[in-house]
Amino acid sequence: MTNTDLPMGDDSQTTEEILALTSTNLYIDGIERPASNGATFEVENPATGTVIATIASATAEDAAAALDAACTAQQAWAETPARQRANILLRTFNLIHEHADELATLMTLEMGKPLSESYTEVTYGAEFFRWFAEQAAHLDGHYTDSPEGKLRIIVSHRPIGPAYLVTPWNFPLAMATRKLAPALAAGCTAVLKPSEATPLTSLRLGQLLCEAGLPDGVVNIIPSLNAPAVSDTIMQDPRTRKISFTGSTQVGRHLLRAAADNVLRTSMELGGNAPFIVLEDADLDAAVQGAVDAKMRNMGEACTAANRFLVHESLAAEFSQRLAARFKELKCANGLDPESTCGPLISKDARERVAALVDDAVESGAKVLCGGKVVDGPGYFYEPTVLIDVPADARVYREEIFGPVAPITTFRTVEEALDMANSTEYGLASYLYTQNMALALDFNDRLEAGMMGLNVGVISNAAAPFGGLKQSGMGREGGAEGIHDYMDTRYIGMPRGTSF
């Protein structure tokens, strides 16, 4: 099998053919076009270090044009019957599945994850369009009398207006669909700025939205190397009514300050430092499998990835050895290799940061059970790593790792485990393994996290509200809650007995 052959059957496309299908231009008002000043940037395959595409880089002028298109389209899209909007979302859901080979390949090429994981993301990402298609046609308000009986109360919901959506590189399809689907279902137009590291998947999605019948201007896609100029142009315009951002807490804080000037509705899905807690009565087989799932999905490059492994002292030795044995079975290889189970990190800088975290932990007294080294050869690979005896003040415990490293420490009591889990500024995901369901519910009441995986290592689902507490952000994506982040609540009060 050559580097450009994909294991998908006799009618498979080569990577070159798939790349040729995908736009490398901006997508504004239904037209694929170059940047206004002709600027471009290169997209690299992190598994090989080679350039795979040259992409138009949006300027402030392009950002203004994209917002103009979204604002022009807003009223007509908001007035489009919900069933029509839902039908477009459903057609997009079907098109994503029809083009799964292309989308999965693009994700593996530009982000690095194994092809099998890219296919999983296609399924997950598509589901947001189906889920919010179902939500679009079932939005309701309510009518009631005021408690003292003097007023009739009528509550309804309306689309908030043009939304600015900023997505990260680690889930190129799902992060775009998780924002676009509720916005479109609610009746909002959008300007999407994908990460400069992984713009190809979003640009291909834009082509599929067009094919599904989405009117011109409703979605505009503007990758750019000059994110500050693009964001400032859009967020300083009073016509923008919403920003949704997924990325680092540091950038999120900056965008929140910028959003304050126009009092924008904000959704922020920021950093994480997820604890993976194994209580004394845990099913060890399930805990080890869950640890692999929660840590190694996406090579650990996920905000929901298990970051700190807190294991009861009676189970720690066996848990650590078994987890290390599982990690040693993983194969670091180009994601297009059908045997690959661990792809590269997104960049050289990302790999150097992970290596520095491991080195710091070892210098602080931690021991390496497996891994702990950069993989030789092309690409930005790092060995799946298990660390034990990690001190609480090590950087690997305090910072988001975003890599295939599992640091393990022990506790004696449930109270101690809870204190350790909460000793972070973040509060996104968490994982708890116990067979005592009453204890688990009590634990969750005191755990400072927006989401918990109880005896399961993967919790993301289109039907569930995704979001965190503390420095991990605000707002929710997915679930019944997700669409309301793109809607205003309207209230009419009228006297009882009013006749028409």
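Shown above is the structure to which this text applies.
Notes on the structure in this doc start here. (Residues numbered from 1 in each chain as written. Predicted model: local features only at pLDDT ≥ 70, side-chain atom pairs only at ≥ 80, totals over all residues. Heavy atoms only, no water.)

Our focus in this paragraph is the environment of D261. Mapped onto the elements of the fold, D261 is located in the loop between α9 (249-260) and β11 (265-269). Taking the C-alpha atoms as reference points, D261 and V311, 50 residues apart in sequence, are found 45 Å from one another. (Helix = DSSP H or I, 4+ residues; strand = E, 2+ residues; numbered from the N terminus.)

What follows covers helix α12 (residues 348-363). For α12, built from 16 residues, the straight-helix expectation of 22 Å at 1.5 Å per residue is met to within 8% by its first-to-last C-alpha distance of 22 Å. Within α12, burial applies to R351, V354, A355, L357, V358 and A361. Taken down its axis, α12 places every buried residue within 155° of arc, on the same side. Residues of α12 that are exposed and point over 90 degrees away from its buried face: D349 and E363. Contacts from the buried residues of α12 go to β15 (385-388), α13 (395-398) and β16 (405-411). Positioned one or two residues after α12, G365 has a phi angle of 120°, which is positive. (Expected span 1.5 Å × (residues − 1). Buried < 20%, exposed > 50% of the residue type's maximum accessible area, 1.4 Å probe, protein only. Arc of directions from axis to C-beta. Contact = heavy atoms within 4.5 Å.)

Moving on: the layout of surface pockets. Computed from the structure, the largest pocket encloses a volume of approximately 1400 Å³. Surrounding the largest pocket, 46 residues form its lining, P168, W169, G247, S248 and V251 being those nearest its centre. Taken together, the elements giving at least two residues each to the lining of the largest pocket come down to β3 (40-45), α8 (227-235), β10 (242-246), α9 and α12. Ranked by residue count, the leading element in the lining of the largest pocket is α9, at six residues. Of the residues contributing to the lining of the largest pocket, the split by class is 20 nonpolar, 13 polar and 13 charged. For the second largest pocket, the calculated volume is near 180 Å³. Every residue lining the second largest pocket is listed: K113, E117, T120, E121, Y124, F171, R297, N298, V458 and S460. (1 Å grid on protein atoms, 1.4 Å probe; cavity = no way out; pocket = protein on both sides within 12 Å on 5 of 7 lines; lining within 4 Å. Points joined across faces, edges and corners; volume = space filled by probe spheres on them. Nonpolar A, V, L, I, M, F, W, Y, C, P; charged D, E, K, R; others polar.)

Our focus in this paragraph is the pairing of strand β12 (residues 274-278). Among the five residues that make up β12, five are buried, leaving the element largely enclosed by the rest of the structure. Alternating residues of β12 divide into A274, F276 and V278 and P275 and I277, and every residue in both groups is buried. Note: β12 against strand β13 (residues 306-312), five bridges, orientation parallel. From the neighbouring strand, V278 faces β13, where its bridge partner is V311. The parallel pair β12 and β13 is bridged by helix α10 (residues 284-296), and the resulting crossover is right-handed. Bridge count between β12 and strand β18 (residues 431-433): three bridges; the pairing is parallel. When the bridges of β18 are listed, I277 appears paired with L432. (Pairing = 2+ DSSP bridges. Right-handed = clockwise from strand over helix to strand, strands pointing away.)

Below, the discussion takes up the environment of S231. Here S231 is to be found in helix α8. Of the residues examined, S231 reaches a relative accessible area of 9% and is grouped as buried. Each C-alpha atom of the pair S231 and A63 lies 7.9 Å from the other, and the pair is 168 residues apart in sequence. Separated by 2.8 Å, the side chains of S231 and Y164 make a polar contact. (Polar contact = N/O pair within 3.5 Å; in protein donor to acceptor, adjacent residues only side chain to side chain.)

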